Amino acid sequence: MHIIDAQHPMRLEYLRSTDVHAWRPQEALTVHGAIALVERINALRGAPVTGAPLHFAMTTGDNTDNNAKTELEWFLTVMSGGRISPNSGDPRHYEGVMNSGIKQYWQPDATVRDADKQRGFPHLAGFLAAAIRELNSPGLNLPWYSTVGNHDAMPLGCYGSHADPWLTEYAMGGKKLMSLPAAEAKKLQDAIKTAKDPKGAGFRELLKAHARDMRSVTPDEARAPYTPTEYLKAHLDPAHRGLGPVGHGYSTANLDAGTQYYSFRIADDVIGISLDTTDAGGHYEGSVGTAQLKWLEKTLKDNKDSYAIVFSHHTSKSMDNTRPDPARPGERRHSGAEVVSLLSRQRNVLAWVNGHIHRNDITAHSGSGGGHGFWEISTASHVDYPQLARVIELVDNKDGTLSLFTTCVESSAPHRTDFADLSQTGLAALYRELSFNAPGAGTTLGGAARDRNTELVLKKG
């Protein structure tokens, strides 16, 4: 979902000087877009193919964008219902790159001929005031579960920097870097991609070196990073229960054990399993530890009489980062290929549902050692075009086969934008249009036809 505090000092908007899509013009409207998605799910009168009632919703991680307490509060309120002011820092007005006068960013309220206006983006007087105005989420009208992603687990989705007090102070403080020369931006982006700076030490030194280039913003303690324990406690908070379940999959047992994986009952003969594939040491690609892999195998065997749907943030191919977890230095980490091997051997696994790659992608995995095989189902993100969710229906065909129907779902926001309409609905529509036109946005994230509305058949175990 990538709920974004668009004014947060830690954000890397200045990478746009080397990668135009490193900052997206729609980022101030993620809460509006997420609420419109909730409204669409609530409006469904049943599953698209069978008409059966929807049982639950599952997030597949990156619920927040920058591991910030502001974003976590907004995400949980979007999902469970309530009023949200998508603003931090100064409660009266926006402070950030979109009113900075810096021409590499869209300046919607100003008449300045910025780079995005040269591409056709509009001048929208009053946009920023509207974007931070309080809005209301009805909350989902069905139970929902949560899975953790790298952007939830770590600042910027890539730095294991909770132990770095300087970066924590910077996140809450009164200075924000808004521009960086392209050569330095390229060096920083390359370090992130190759995990050369997993604890953010080099990032900290870069920020210190540019202290004189920073602009003043209003400090805000609510922008602090949250720990895994705080993430669990926030889900368990009765204020965010909505239609439940309590903890949205997480439990006090997770708190006691320091884990973020769990199983739950979907139906009498179907279980769900939510994994934690994040690397707490600092990198956006994933893996799982030996303890979790053994737990996964035991959970599947203990429930051999039930079908299983596995959920995670990372896809099998993006779990190629097997460096040790600093908290468990003696524990081996396991790749996506190893998870596929385990799942392929189980007769009861039907699907592995995930995200991370921001693209619709469906992959068939053949069985081995007695397993029938399973389908891996990845769905596009809500922050990038085409901004989709997916309804998955499991059907017994009564002929020795099962079918998984995978129907993509858009938000409730109108697909045509009225630039004069800065209401909650109007801004949700603008969120869609901006994402479609965002410079550098991927044109293949919708996937092929076989990755969207499908019927996936499996032999019945």
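A brief look at the structure comes next. (Residues numbered from 1 in each chain as written. Predicted model: local features only at pLDDT ≥ 70, side-chain atom pairs only at ≥ 80, totals over all residues. Heavy atoms only, no water.)

### Some words on the layout of surface pockets
Point 1. Taken as a whole, the second largest pocket encloses approximately 960 Å³ of empty space.
Point 2. Taken together, 30 residues line the second largest pocket, and the ones lying closest to its centre are Arg24, His151, Gln189, Tyr284 and His358.
Point 3. Those elements giving two or more residues to the lining of the second largest pocket turn out to be α5 (150-153) and α7 (182-193).
Point 4. With three residues, the single largest contributor to the lining of the second largest pocket is α7. (1 Å grid on protein atoms, 1.4 Å probe; cavity = no way out; pocket = protein on both sides within 12 Å on 5 of 7 lines; lining within 4 Å. Points joined across faces, edges and corners; volume = space filled by probe spheres on them. Helix = DSSP H or I, 4+ residues; strand = E, 2+ residues; numbered from the N terminus.)

### A few points about the environment of Ser435
Point 1. Residue placement: Ser435 occurs in helix α13 (residues 424-437).
Point 2. Residue classification places Ser435 among the buried positions, given a relative accessible area of 1%.
Point 3. The residues touching Ser435, leaving out its near neighbours within four places in the chain, are Gln26, Val383, Asp384, Tyr385, Gln387 and Ala441.
Point 4. For Ser435, the side chain forms a polar contact with the main-chain oxygen of Arg432, separated by 2.8 Å. (Buried < 20%, exposed > 50% of the residue type's maximum accessible area, 1.4 Å probe, protein only. Contact = heavy atoms within 4.5 Å. Polar contact = N/O pair within 3.5 Å; in protein donor to acceptor, adjacent residues only side chain to side chain.)

### Overview of the pairing of strand β16 (residues 401-409)
Point 1. β16 sits mainly inside the fold: eight of its nine residues count as buried.
Point 2. Relative to β16, strand β15 (residues 389-396) runs antiparallel, the two sharing eight bridges. Among the inter-strand pairings, Ile392 is bridged to a residue of β16, identified as Thr406.
Point 3. Hairpin connection between β15 and β16: a loop of four residues separates the two successive antiparallel strands, and Lys398 in this loop has a positive phi of roughly 60 degrees.
Point 4. Relative to strand β17 (residues 454-459), β16 runs antiparallel, the two being bridged by six bridges. In the sheet register, Leu402 faces β17, and the bridge partner there is Leu458. (Pairing = 2+ DSSP bridges.)

### What about the packing of aromatic side chains?
Point 1. Using the criterion set out here, one finds 17 aromatic pairs in the structure.
Point 2. With 5.0 Å between their ring centres and 10 degrees between their planes, Tyr159 and Phe203 make a pair best called stacked. Separated by 44 residues along the polypeptide, Tyr159 in the loop between α5 and α6 (165-172) and Phe203 in helix α8 (residues 201-209) bring together distant segments of the chain. Here the two residues Tyr159 and Phe203 agree in accessibility, since each one is buried. (Phe/Tyr/Trp six-rings, centres within 6.5 Å; stacked < 30°, edge-to-face > 60°.)

### What about empty space enclosed by the protein?
Empty space among the atoms becomes apparent when a probe as large as a water molecule is rolled across them.
Point 1. Counted according to the given criterion, the structure contains four cavities of 30 Å³ or more.
Point 2. By volume, the largest cavity amounts to about 80 Å³.
Point 3. A total of three residues in the lining of the largest cavity trace back to one element, the largest contributor, which is helix α1 (residues 30-43).
Point 4. In the lining of the largest cavity, the residues fall into ten nonpolar, three polar and two charged. (Nonpolar A, V, L, I, M, F, W, Y, C, P; charged D, E, K, R; others polar.)

### What about helix α9 (residues 228-236)?
An α-helical turn contains 3.6 residues, so a residue and the one three or four places further along point in the same direction.
Point 1. Here α9 has its buried residues at Tyr231, Leu232, Ala234 and His235. In an axial view of α9, the angular spread of the buried residues amounts to 160 degrees, which keeps them on one side of the axis. (Arc of directions from axis to C-beta.)

### Some words on the packing of α1 against α13
Point 1. It is at 8 Å that the axes of α1 and α13 come closest, and there the two elements cross at 100 degrees. On the basis of their axis angle, the class for α1 and α13 is roughly perpendicular. Only Gln424, Leu427, Ala428 and Tyr431 of α13 make contact with α1, whose side of the interface consists of Thr30, His32, Gly33, Ile35, Ala36 and Glu39.
Point 2. Counted by class, the contact of α1 with α13 contains five nonpolar, four polar and one charged residues. (Axes fitted to C-alpha atoms, helices over the stretch in contact; angles between N-to-C directions. Parallel < 35°, antiparallel > 145°, perpendicular 65-115°, else oblique.)

### Notes on the sheet that holds strand β13 (residues 361-365)
Point 1. In space, the six strands of this open sheet follow the order β7-β8-β10-β12-β14-β13, with mixed pairing throughout. Across the chains shown, the open sheet's two edge strands, defined by having one partner strand only, are β7 (262-267) and β13. On average, adjacent strands in this sheet sit at an angle of 20 degrees to one another, irrespective of strand direction.
Point 2. Of the strand pairs in this sheet, strand β10 (residues 307-311) and strand β12 (residues 349-354) are connected by four bridges, and their pairing is parallel. Among the inter-strand pairings, Val310 is bridged to a residue of β12, identified as Trp352.
Point 3. Each of β7, β8 (270-274), β10 and β12 is contacted by helix α11 (residues 290-302), which is oriented at about 175 degrees to β8, the strand it contacts most.

### Comments concerning the sheet that holds β17
The pairing of strands in a sheet comes from backbone hydrogen bonds and takes either a parallel or an antiparallel form.
Point 1. The three strands lie next to each other as β15-β16-β17, forming an open sheet whose pairing is antiparallel. Of all the strands in the sheet, the pair left with one neighbour each is β15 and β17. This sheet shows a mean twist of 20 degrees between the axes of neighbouring strands, independent of strand direction.

### Regarding the pattern of salt bridges
Point 1. Inspection of the entire model under this criterion finds 25 salt bridges.
Point 2. Arg11 serves as the salt-bridge partner of Glu13, at 3.6 Å between the closest nitrogen and oxygen.
Point 3. The exposure class assigned to Glu13 is buried, which follows from its relative accessible area of 1%.
Point 4. The class for Arg11 is buried, based on a relative accessible area of 6%.
Point 5. Residues Arg119 and Asp116 are paired through a salt bridge, measuring 2.6 Å at the closest nitrogen-oxygen approach.
Point 6. With a relative accessible area of 0%, Asp116 lands in the buried category.
Point 7. In the salt-bridge network here, residues are joined through shared partners; they are Arg11, Glu13, Arg24, Glu27, Asp65, Lys176 and Asp384. (Salt bridge = Lys/Arg side-chain N within 4 Å of Asp/Glu carboxyl O.)

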